[in-house]
Amino acid sequence: MYQTVADADGPTVLVVGGMHGNEVAGYEAASAIAEWEIDAGTLITIPHANADAVEQRTRTGDDGVDLNRQFPEGEEPTTDLARALWTVVDRSDPDVVIDLHESIGIYAGGPVDGVGQAIFHSDGTETATDAERAADAVNRNHVDEPGLEFETDTFSRPENEPSGLLVHKAARDLNAQSFLIETFSRGPDLETRIDWHTRLVTNLTEAGLFEPETTTDDSAGDTSDDSDDEQVIEECPEDAS
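Engineer: Now, about the overall build of the protein: what can you tell me, with residues and values included?
Structural biologist: What the protein contains, in helices and strands, is 6 helices and 8 strands. When the 241 residues of the protein are sorted by exposure, 54% land in the buried category. Considering only contacts in the protein between residues 6 or more positions apart, those separated by 24 or more positions represent 74%. For the protein, the exposed area adds up to about 11100 Å²; of that, 41% sits on carbon and sulfur atoms.

Engineer: Just give me the short version of the pattern of salt bridges, but keep the residues and values in it.
Structural biologist: Applying the stated criterion across every chain, the model contains 8 salt bridges. A salt bridge links Arg172 to Glu73; its shortest N-O distance comes to 2.9 Å. Note that Arg172 is positioned in helix H5 (residues 166-174) and Glu73 in the loop between helix H2 (51-56) and helix H3 (80-92), a separation of 99 residues in sequence. A relative accessible area of 31% means that Arg172 is categorised as partly exposed. Here Asp136 and Arg140 are joined by a salt bridge, their closest N and O atoms 2.8 Å apart. Here Asp136 and its partner Arg140 are both found in helix H4 (residues 125-142), 4 residues apart, which amounts to about one turn of the helix. Overall, Arg140 belongs to the exposed group, its relative accessible area being 52%.

Engineer: Give a description of the pairing of strand S6 (residues 151-154) that names residues and reports values.
Structural biologist: With 4 bridges joining them, strand S5 (residues 118-121) and S6 adopt parallel strand pairing. Of the residues in S6, the one forming a bridge with Ile119 is Thr152. Handedness of the crossover joining S5 and S6 through H4 is recorded here as right-handed.

Engineer: Kindly report on the pairing of strand S2 (residues 8-16), identifying the contributing residues and their values.
Structural biologist: As defined by bridge partners, S2 adjoins strand S3 (residues 40-46) across 6 bridges and the pair is classed as parallel. Across the sheet, Val15 pairs through a bridge with Thr45, a residue of S3. Regarding topology, helix H1 (residues 24-33) serves as the crossover connection from S2 to the parallel S3, and that connection is right-handed. As paired strands, S2 and strand S4 (residues 96-103) are joined by 4 bridges and run parallel to one another. Counted as the bridge partner of Val13 is Val96 from S4.

Engineer: Describe unusual backbone geometry, and please don't skip the residues or the numbers.
Structural biologist: For the bond from Glu161 to Pro162, the omega torsion is 0°, close enough to zero to count as cis. As for its position among the elements, Pro162 is in the loop between S6 and H5. Phi angles above zero are rare outside glycine, and Gln117 is one such case at about 60°. Tracing the backbone through its elements, the reader meets Gln117 in the loop between S4 and S5.

Engineer: I'd like a rundown of H3, residues and numbers included.
Structural biologist: Note: α-helices contain 3.6 residues per turn, so residues at a spacing of three or four share the same orientation. With 13 residues, H3 extends 19 Å from end C-alpha to end C-alpha; this agrees with the ideal 18 Å at 1.5 Å per step. Residues Leu81, Ala82, Ala84, Leu85, Trp86, Val88, Val89 and Ser92 constitute the buried set of H3. On its buried face, H3 sits against S2, S3 and H5.

Engineer: Describe in detail the packing of H4 against helix H6 (residues 190-209), supporting the description with residues and values.
Structural biologist: Two elements in contact, H4 and H6, have axes whose closest approach is 9 Å; the angle formed by their N-to-C orientations is 135°. Taken together, the axes of H4 and H6 are oblique relative to one another. Once H4 is placed against H6, the crossing between them reads as right-handed. Across from Asp130, Ala131, Ala134, Ala135, Ala137, Val138 and His142 in H4, the residues of H6 making contact are Trp196, Arg199, Leu200, Asn203 and Leu204.

Engineer: So, the packing of aromatic side chains: which residues are in play, and what are the values?
Structural biologist: Tallied over the full model, the rule gives 3 aromatic pairs. Against the face of Trp86 rests Lys169, its NZ or CZ located 5.0 Å from the ring centre.

Engineer: Just give me the short version of H4, but keep the residues and values in it.
Structural biologist: With 18 residues, H4 extends 25 Å between its outermost C-alpha atoms, agreeing within 8% with the 26 Å of an ideal straight helix rising 1.5 Å per residue. Buried within H4 we find Thr127, Ala128, Ala131, Ala134, Ala135, Ala137, Val138, Asn139 and His142. Taken together, the buried residues of H4 touch S5, S6, strand S7 (177-184) and H6.

What counts, and at which threshold
- Residues numbered from 1 in each chain as written.
- Predicted model: local features only at pLDDT ≥ 70, side-chain atom pairs only at ≥ 80, totals over all residues.
- Heavy atoms only, no water.
- Helix = DSSP H or I, 4+ residues; strand = E, 2+ residues; numbered from the N terminus.
- Buried < 20%, exposed > 50% of the residue type's maximum accessible area, 1.4 Å probe, protein only.
- Contact = heavy atoms within 4.5 Å.
- Areas by Shrake-Rupley, 256 points an atom, 1.4 Å probe, with all protein chains shown as cover.
- Salt bridge = Lys/Arg side-chain N within 4 Å of Asp/Glu carboxyl O.
- Pairing = 2+ DSSP bridges.
- Right-handed = clockwise from strand over helix to strand, strands pointing away.
- Expected span 1.5 Å × (residues − 1).
- Axes fitted to C-alpha atoms, helices over the stretch in contact; angles between N-to-C directions.
- Parallel < 35°, antiparallel > 145°, perpendicular 65-115°, else oblique.
- Left-handed = near helix turned anticlockwise from the far one by under 90°.
- Phe/Tyr/Trp six-rings, centres within 6.5 Å; stacked < 30°, edge-to-face > 60°.
- Lys NZ or Arg CZ within 6 Å of the ring centre and 35° of its normal.

Now the structure itself:
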């Protein structure tokens, strides 16, 4: 876990990658975001949420458990690793949670063939607007291939699948503004997908974490003018291993 605290007050933003170890662009982008310097608030990053799966580049670790289905709303998470991750989320009390993923297919209004090139978000007009603005900025400036434009949609309802997602629990149990970003892993190259993830996170967070003159819609979190930030690296509790 990486934590950067700026001198100025601002939101607490939590960015997660590596829930699934074969979704490389997500955890590579989260690793880069962990190095950001910010002007306000707190940035917490967990780049390799499921370190065993990331090491093996497989969806799950050796236990075969899909980590991103172990966070039932209103209940205790169901595995040691999920509980350890939720401890970090709960004690951080984030204002914004962003989880970075990849899909083998492209979203077409339902998760039948895939959910790539989409931003899924929690309820609320402000949250929906933020997702739409981020998608529009990246689509206009950084998506060149037709059919790969990012779309936005709301989370599935609690009674519908997929359920037990970290962002669902963060939104509904902690009232955090929550987003899940998916890129299409079988088309664009890895560098492009990492860039999309990073730019989308920048657009979703820049109003709270950065001074207005520091970033633009075309930036990718390249902020290096704040030397007073404090970065802390922590390990999850022992039962997370």
